[in-house]
Amino acid sequence: LVELGIQRVSSTVLRFGTSTLAAGIALTAGSWVRLSRSRTALPTASRLILLLHGQRFSLQGTSYLDPGRPAVLIANRSGLLDPLAMVAAAPGRLWFADIAALNGLPRALAYLLRPLVTGYRDGPLIPAAGAIQSRIERVLKPKTIVVAFPDGPIGTSVFRSRFRLDPFQAAIKANATLHPTAVRERAQHQQPGEGTRAHKVTMVIIRKPVDIAPPASPTGKTAAGALEAVNLFSLRDRVREAIGEYHA
């Protein structure tokens, strides 16, 4: 019983120390980003915080990204630190589609990543209807990646996740590639003597882009009203299915 009690106290102290140090890094880097208006500190801070939490990350499927076009990644939310893994691993300039990306994060970590939410400097982070699509379109440029997480609890099944239509609409209007993206958090085998900290890995798997081209007109040119020509609900279902194949 004494040994068990010592282990519990040690685990509590370690968790407190990890959270405190992670918060310090997040607040320092977040403040620097706001003062300097440079986001270069964000990937490094994210990697340090992941390391503190014993969380590794990997990114697969970058070959599907077209460097000449912007990309929208529709991703499930598998674990608490998924947004940090995205920032740490992203090969291009990354934005989050909306405030849902910060759901569940401790305040300090949300403070760190808030400048990456589209429309961060526009005012309210929960804008009026239609504003999210406009904000996403504004940042969609070549070598830019916009990540859209579902608006709901962490770990919700892909097929029950609430994905907004705004990122889909923005991708169509901005001629961006739209990628189903599976995020998986897995516990790793812990070796004896590694302490009480859990070891996990977050795997981000970018899949090939789904076809969102609207029907062509009889003249061979893209029909006017491209957005209206695409069945957004069907497109969202196809994206869900593609994520689900890799998330099981």
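Only a predicted model underlies this, so the values are computations on that prediction, with no experimental measurement involved. (Residues numbered from 1 in each chain as written. Predicted model: local features only at pLDDT ≥ 70, side-chain atom pairs only at ≥ 80, totals over all residues. Heavy atoms only, no water.)

A. How the structure looks around the side chain of D82. With respect to the helices and strands, the residue D82 is situated in helix α3 (residues 82-89). At 4.3 Å, R77 is the nearest oppositely charged side chain to D82, a buried residue that forms no salt bridge. A polar contact is formed between the side chain of D82 and the backbone nitrogen of S78, at a distance of 2.5 Å. Ignoring anything within four residues of it in the chain, the contact list for D82 reads N76, R77, F149, V183 and T202. (Helix = DSSP H or I, 4+ residues; strand = E, 2+ residues; numbered from the N terminus. Buried < 20%, exposed > 50% of the residue type's maximum accessible area, 1.4 Å probe, protein only. Lys, Arg positive; Asp, Glu negative; His and termini not counted. Salt bridge = Lys/Arg side-chain N within 4 Å of Asp/Glu carboxyl O. Polar contact = N/O pair within 3.5 Å; in protein donor to acceptor, adjacent residues only side chain to side chain. Contact = heavy atoms within 4.5 Å.)

B. Just the sheet that holds strand β4 (residues 144-148), in detail. In space, the six strands of this open sheet follow the order β1-β6-β5-β2-β4-β3, with mixed pairing throughout. Single-partner strands in this sheet number two, and they are β1 (55-60) and β3 (93-96). Each strand of the sheet is rotated relative to its neighbour by a mean of 25 degrees, with strand direction disregarded. As defined by bridge partners, strand β2 (residues 71-75) adjoins strand β5 (residues 177-187) across five bridges and the pair is classed as parallel. Directly across from I74, in β5, lies its bridge partner P180. Together, β2, β4 and β5 form the strand contacts of helix α6 (residues 166-173), whose direction differs from that of β2 by roughly 160 degrees. (Pairing = 2+ DSSP bridges. Axes fitted to C-alpha atoms, helices over the stretch in contact; angles between N-to-C directions.)

C. Looking closely at the environment of E245. Residue placement: E245 occurs in helix α8 (residues 232-247). Within the structure, the side chain of E245 is placed 2.8 Å from the side chain of R207, a separation counted as a polar contact.

D. Representation of the pattern of salt bridges within the structure. Using the criterion set out here, one finds three salt bridges in the structure. Note that R207 is salt-bridged to E245, the shortest N-O span being 2.8 Å. Linking R207 in the loop between β6 (200-206) and α7 (226-229) with E245 in helix α8, this pair joins segments that are 38 residues apart in sequence. R207 sits in the buried class, given a relative accessible area of 17%.

E. Geometry of the environment of L102. With respect to the helices, strands and loops of the structure, L102 is situated in the loop between β3 and α4 (107-113). The exposure class assigned to L102 is buried, which follows from its relative accessible area of 8%. For the pair L102 and L112, spaced ten residues apart in the sequence, the C-alpha separation amounts to 9.9 Å. Apart from the residues within four sequence positions on either side, L102 is in contact with A110, L113, R114 and V117.

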